[in-house]
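Below, each chain spelled out in residue letters.
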Amino acid sequence: MSIRLFSIITLIQGDKKEMPTPRSRQRTGRIFTGIMVGLLGLLSSLSLPAWPSDTIVVGSKNFMESRLLAEMFAQLIEARTELTVTRRLGLAGTQVCFEALRTGAIDLYPEYTGTGLVTILNEPPMHDRVSVLNHVRKEFLHRWDIWWMAPLGFENSYALALRRDRAQTLGLRTISDLVRVAPQLKAGFGYEFIQRQDGLVGLTESYGLQFQNVIGMQQTLKYQATDKGDIDLLDVYTTDGRLAVYDFVVLEDDHHFFPPYEAAALVRGKILKRHPELGNVISLLTNAVDPPRMRELNLRIQEQGELVSQVAHDALRTLDLVGDNHVRSVTIVESSDSFLPYLWSKRSDLTMRTGEHLGLSGLGLFLGILIAIPLGLILEQWRKGAETIIRIVGMLQTIPSIALLAFMIPIFGVGALPAIMALWMYSLFPILRNTYSGLRDAAPNVVETGRALGMTEWQILRAIRLPLAAPTIMAGIRTSAIWTVGTATLAAFIGAGGLGVPIVAGLQLADTNLILSGALPATVLALTVDGFLGRVEQWVRPRGLEPVR
Amino acid sequence: MASLPSRTLLSWLWGVPQQVHQDDDASSSPQRFSVTPRIKELVHMKPWAIETQHVSKQFPNGAYALRDIEWGVQEGETMALIGESGSGKTTLLRLLNRLAEPTDGIVFIQGKPACSQDPIQLRRRLGYVPQDGGLFPHWTINQNVCLVPQLLGWTPIRQLEQVTKLLPLLNLDPAQIAERYPTELSGGQRQRVAVARALAADPPIVLLDEPFGALDPLTRHDLQDQFLSLKTRLQKTMVLITHDMSEAFRLGDRITILKEGHIHQIGTPQELLHSPATPYVDSLIQHYHAHPG
Ligand SMILES: Nc1ncnc2c1ncn2[C@@H]1O[C@H](COP(=O)(O)OP(=O)(O)O)[C@@H](O)[C@H]1O
Ligand SMILES: [Mg+2]
């Protein structure tokens, strides 16, 4: 009894240090210290963008060929220069990638001349290979001091393809031949292809094509569906590895509609000036990869499940550009493996991804707590502006995650930092709302009695409002945590790592095992975090609020 | 109170609270009440513990909760404040401990204008019991009772002594309930703890806002008995709000009848019974005779 008496004194008069602290405060303190230490540990294990100047950041888009070329650049630079390389592979699309390059978040990435012309410069397609290259070179240098290095030797253009036997029956060799029979054909096209001016939109105008039916389909499904005869025609990339496997005919683009898409390295001028050797080693790859070779490399990744780093290394070895010493230990995992052995074989990678994932979401959440709880306290004092501010913060939530991530790039570059910032913004709202309403609605009659008995507002806040609001605040934190862990899978799109990496890669390869190897741990992680925070929620609930025993 | 500020002294001598308003129509005004007044007060010669002078309270929405209240409570007396719901009882009580400020007039607490006193210090000298007890659900009974002593910086030993002394006065066994949480007590026990908490720092004045209003009739009767014995023992100045006439008659030394922000009558139970000042008071008394208790 006397211990309790002692303890409530410090609850109100927190400045009297000599008094023993009550249990609830010790507890809160312990949780807090624990979280702090854990997060600091994670923070230090994350590589935040503070690269020294002799580090080259190589980026890529989120499809395999882009990753492979980027990995080849990276390994070549590592093998032939003193420079260190940081990889930011799998950035979400051309806009993100180019924005990252332009703002200096990455130093180089593989790009295609056609994309440079149409998507980045926003100009109408041109049809001559050399003039496209010269044009984008001139414009990029002029506008952004970004250099198109010499082409790598292959084009990855759009093309239309169909099964060889169908092509023969229908007598098709060119796209012009297609005009006649198109009204009887079902086409399965990629979503992007359907949308693009240099895709289906321009194609139908240029040739006057009218299909019976156009179905939007995912890459891998298209091939299977065409092979089975469910659809007649598909769009392909000319270097797609699957073209080496399926017996398809690529129709000749006799009007030269599809603009040339020559692959080349896109490099920031500043970094070339600082490290001229970079330009030299990249130009070692000039005309080094022809289309069949590229298809074969793609095939190894797409269909045979080999690691990008291994395939890139082999490609460079074949060119005698790197030595043997560089071989990394590689497990080639068959996609047909049953899931659990597959998961086991990837355990070290997954552990690292899980660590990254926890780091990203943990830091985002931590910053969220750091801002939202004090802000909630302030708003509770300043209720006039509260609803407006909470609504504004709530609006952050309605920005689609990918868009928010993309907005972060010009400000924070690519990698962990923008991802953490985006997650932080997402985590604010539930915590802020719950802190505010928890404090505002905390047992008004009890607050009033405290006031009537002579407690100051500060004492009321500390001894009544906060403890009574703690479970509500904790529930907000819990909501944010789940949300953050879920959204952190998208961080893979801006090269921040995490469990989204295998998910995104798996989606591109239509590899269910690969997708699951990211999705399952992410789900388990979310459930674990939820369960753990549920415990904490029970724990911070002041004892008298427990149901009567 | 050895010395009173001259103004209070004057109003006390003149029996201001019982004065008829000069500007009111004498026959119809509800503020008018029987003038038993100042001779009686002079006989008692007791100073005011609480006094209000021309106190009005208007809410921002324009509605008057209280209008020109002239009222006082003597030291050591229990004043029952009765009126129907919305008549302004709680508002009047909140003006005393400065949870609200009058829009007009002055409240005196122990002779000093309340507005000149630090509200926090003032409230610590005024015990307070709300209708639902208002116990802190996350604090033990012990912690709840010791709230004000602790705010006042009493030593833990002294707090402990106070708890062990107080709880038995209210028929509570410290050994049994001191470490329990409010949810682990019955409604009656909770109200008694709330009373104990109000008394813990030995305040000269205790304000009770319908303290027994939410209890079942048996428990209420029980608590009223305890309240009576406590009252005679402690001799504190108390203001007890109730909407129950029989409770007012049982517990109040004097009774104030409030309706729609006006005082209809102030008097002892005897005075109310024998000379109701307004038809409203009369109807209350009639009703009380019809349904006593
Ligand atoms: N904050 C407020 N704003 C506006 N009107 C109020 C407020 N508080 C009380 N009132 C009004 O003042 C009148 C008296 O209220 P109250 O003192 O609580 O009555 P009682 O305690 O006698 O039931 C009621 O009509 C009530 O609606
Ligand atoms: Mg009331």
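Residues numbered from 1 in each chain as written. Chains lettered and ligands numbered in written order. Predicted model: local features only at pLDDT ≥ 70, side-chain atom pairs only at ≥ 80, totals over all residues. Heavy atoms only, no water.

Attention now moves to the overall build of chain A. A count of helical and extended segments in chain A gives 24 helices and 10 strands. Looking at chain A residue by residue over its 549 residues, the buried ones come to 54%. Of the roughly 23800 Å² that chain A leaves accessible, carbon and sulfur atoms contribute 59%. (Helix = DSSP H or I, 4+ residues; strand = E, 2+ residues; numbered from the N terminus. Buried < 20%, exposed > 50% of the residue type's maximum accessible area, 1.4 Å probe, protein only. Areas by Shrake-Rupley, 256 points an atom, 1.4 Å probe, with all protein chains shown as cover.)

Looking only at helices and strands, one finds 13 helices and 10 strands in chain B. Expressed as a percentage of its 293 residues, the buried residues of chain B come to 57%. A separation of at least 24 residues holds for 68% of the contacts in chain B among residues at least 6 apart in sequence. When the accessible surface of chain B is split by element, carbon and sulfur atoms take 53% of a total near 11900 Å². (Contact = heavy atoms within 4.5 Å.)

One frequently used descriptor of interface size is the decrease in accessible area upon assembly of the parts. In this assembly, 36 residues from chain B lie in contact with 34 residues from chain A. It is H138, Q150 and Y181 of chain B in chain B that bury the most area against chain A; as a group they hold 18% of the surface buried on that side. Applying the counting criterion to the chain B and chain A interface returns one salt bridge. A salt bridge links E448 of chain A to R94 of chain B; the shortest N-O distance between them is 2.1 Å. (Buried area = accessible area lost by both parts, 1.4 Å probe. Salt bridge = Lys/Arg side-chain N within 4 Å of Asp/Glu carboxyl O.)

Turning our attention to the site of ligand 1. All names here are of chain B. Lining the immediate surroundings of ligand 1 are F59, N61, A65, E84, S85, G86, S87, G88, K89, T90 and T91. Between an oxygen atom of ligand 1 and a main-chain N or O atom of S87, the distance comes to 3.2 Å. Within the side chain of T90, a nitrogen or oxygen atom sits 2.6 Å from an oxygen atom of ligand 1. Protein burial of ligand 1: of its 560 Å² of free accessible surface, 59% is covered by the chains. Of all the elements, helix 3 (residues 89–96) adds the most residues to the shell around ligand 1, at three residues. Broken down by class, the residue content of the shell around ligand 1 amounts to two nonpolar, seven polar and two charged. (Near = heavy atom within 4 Å. Polar contact = N/O pair within 3.5 Å; in protein donor to acceptor, adjacent residues only side chain to side chain. Nonpolar A, V, L, I, M, F, W, Y, C, P; charged D, E, K, R; others polar.)

The next point concerns the packing of helix 22 (residues 457–487) of chain A against helix 24 (residues 512–540) of chain A. All names here are of chain A. Packing of helix 22 against helix 24 brings their axes to within 9 Å, and their N-to-C directions diverge by 170°. Judged by the angle between their axes, helix 22 and helix 24 are roughly antiparallel. For the pair helix 22 and helix 24, the contacting residues are A470, P471, M474, A475, I477, R478, A481, I482 and V485 in the first and A522, L525, A526, V529, D530, L533, G534, V536, E537 and V540 in the second. For the contact of helix 22 with helix 24, the class distribution of residues is 15 nonpolar, one polar and three charged. (Axes fitted to C-alpha atoms, helices over the stretch in contact; angles between N-to-C directions. Parallel < 35°, antiparallel > 145°, perpendicular 65-115°, else oblique.)

The geometry of an aromatic ring pair comes down to the distance between the two centres and the angle between the two planes. In total, this model carries 19 aromatic pairs over all chains according to the counting rule given. Ring geometry for F98 of chain A versus F140 of chain A: centroids 5.6 Å apart, planes at 65°, classification edge-to-face. Of this pair, F98 of chain A sits in helix 4 (residues 93–102) while F140 of chain A sits in helix 6 (residues 129–144), and the two are 42 residues apart along the sequence. Just as F98 of chain A is buried, F140 of chain A falls in that class too. Consider the rings of Y158 of chain A and F258 of chain A, whose centres lie 6.1 Å apart with planes at 50°: the pair is tilted. Placement of Y158 of chain A in strand 5 (residues 158–163) and of F258 of chain A in the loop between strand 9 (248–250) and strand 10 (263–268) is noted, with a sequence separation of 100 residues between them. The same class applies to Y158 of chain A and to F258 of chain A, which are both buried. Taken together, the ring pairs connect Y158, F189, F193, F211, Y237, F257, F258 and Y261 of chain A into an aromatic cluster. Positioned above the aromatic ring of F136 of chain B, the side-chain terminus of R197 of chain B is 5.4 Å from the ring centre. (Phe/Tyr/Trp six-rings, centres within 6.5 Å; stacked < 30°, edge-to-face > 60°. Lys NZ or Arg CZ within 6 Å of the ring centre and 35° of its normal.)

Once that is clear, we can look at the pattern of salt bridges. Within this structure, the stated rule accounts for 37 salt bridges over all chains. A salt bridge links R102 of chain A to E99 of chain A; its shortest N-O distance comes to 2.8 Å. Of this pair, R102 of chain A and E99 of chain A both sit in helix 4, three residues apart, roughly one helical turn. For R102 of chain A, a relative accessible area of 40% translates into the label partly exposed. Here E99 of chain A falls in the partly exposed class, since its relative accessible area comes to 22%. A cluster of three or more residues bridged by salt bridges with shared partners is formed by E448, R451 and E457 of chain A together with R94 of chain B.

On to the confidence of the model for chain A, then. For residues with low pLDDT, the predicted coordinates do not support detailed interpretation. Residues and elements named next belong to chain A. For chain A, mean pLDDT is 82; residues scoring 70 or higher make up 87% of the total. In this model, residues 37–52 is a region of pLDDT below 50 whose contacts with residues beyond four sequence positions or in other chains number 24 contacts. Taken together, the stretch residues 326–335 has pLDDT below 50 and engages in 23 contacts with residues farther than four places along the chain or on a different chain. (pLDDT = per-residue confidence, 0-100.)

Attention shifts here to helix 19 (residues 401–412) of chain A. Residues and elements named next belong to chain A. With 12 residues, helix 19 extends 16 Å between its outermost C-alpha atoms, agreeing within 8% with the 16 Å of an ideal straight helix rising 1.5 Å per residue. Among the residues of helix 19, those classed as buried are L404, L405, M408 and I409. Down the axis of helix 19, the buried set is contained in an arc of 160°. They therefore lie on one face. Close packing links the buried residues of helix 19 with helix 4 and helix 20 (416–441). Count one or two residues on from helix 19 and you reach G413, which has phi positive near 75°. (Expected span 1.5 Å × (residues − 1). Arc of directions from axis to C-beta.)

Right, let's get into the sheet that holds strand 2 (residues 64–74) of chain B. All names here are of chain B. With respect to topology, four strands assemble into an open sheet ordered 2-1-4-5, the strand pairing being antiparallel. Edge strands, defined here as strands with exactly one partner in the open sheet, are strand 2 and strand 5 (112–113). Sheet topology places strand 4 (residues 104–109) next to strand 5; two bridges connect them, and they run antiparallel. The partner of I109 across the bridge, within strand 5, is K112. Where helix 3 meets the sheet, its contacts fall on strand 1 (48–58), strand 2 and strand 4, and the angle it forms with strand 2 comes to roughly 60°. (Pairing = 2+ DSSP bridges.)

Okay, the pairing of strand 2 (residues 84–91) of chain A next. On a regular strand, one side chain projects to one face of the sheet and the next to the other, so that they alternate. Residue and element names in this part refer to chain A. Taken across its eight residues, strand 2 has six buried, putting it largely inside the fold. Relative to strand 2, strand 1 (residues 55–61) is paired through six bridges, and the arrangement is parallel. Each bridged residue has a counterpart across the sheet, and for V57 the counterpart in strand 2 is T86. For the handedness criterion, the β-α-β arrangement of strand 1, helix 3 (residues 64–80) and strand 2 is classed as right-handed. (Right-handed = clockwise from strand over helix to strand, strands pointing away.)

This part covers unusual backbone geometry. Positive phi values are uncommon outside glycine, yet N287 of chain A reaches one of about 50°. Here N287 of chain A shows up in the loop between helix 13 (276–283) and helix 14 (291–302). N287 of chain A gets classed as exposed once you look at its relative accessible area, which sits at 60%. Positive phi is not limited to glycine here, since Q235 of chain B has a value of about 55°. Along the chain, Q235 of chain B turns up in the loop between helix 10 (217–234) and strand 8 (237–242).

This next bit is on the nonpolar core. Formed by 73 residues in total, the largest nonpolar core has its most connected members in L68, M72 and I77 of chain A. Each residue touching L68 of chain A, except ones within four places of it in the same chain, is listed here: M294, L297, N298, I301, V308, V311 and A312 of chain A. L468 of chain A together with A100, W154 and I241 of chain B belong to the second-largest nonpolar core, a separate cluster that totals 45 residues. (Core = buried A, V, L, I, M, F, W, Y, C linked by side-chain atoms within 4.5 Å.)

Looking now at helix 22 of chain A. In this model, helix 22 of chain A (31 residues) spans only 39 Å end to end at C-alpha, well below the 45 Å of a helix rising 1.5 Å per residue. At A470 of chain A, helix 22 of chain A is bent by approximately 50°, the largest bend along its length, and proline P471 of chain A sits one to four residues beyond. (Bend = angle between axes of the 7 residues up to and from the residue.)

Another aspect to go through is the sheet that holds strand 3 (residues 78–82) of chain B. All names here are of chain B. On the basis of which strands lie adjacent, the open sheet formed by six strands has the order 6-7-8-3-9-10 and mixed pairing. Edge positions in the sheet fall to strand 6 (126–129) and strand 10 (262–267), since each of these pairs with one other strand and no more. Geometrically, the sheet is characterised by an average inter-axis angle of 15° between neighbouring strands, direction not taken into account. Packed on one face of the sheet, helix 3 meets strand 3, strand 6, strand 7 (205–209), strand 8 and strand 9 (254–259) and runs near 155° to strand 8.

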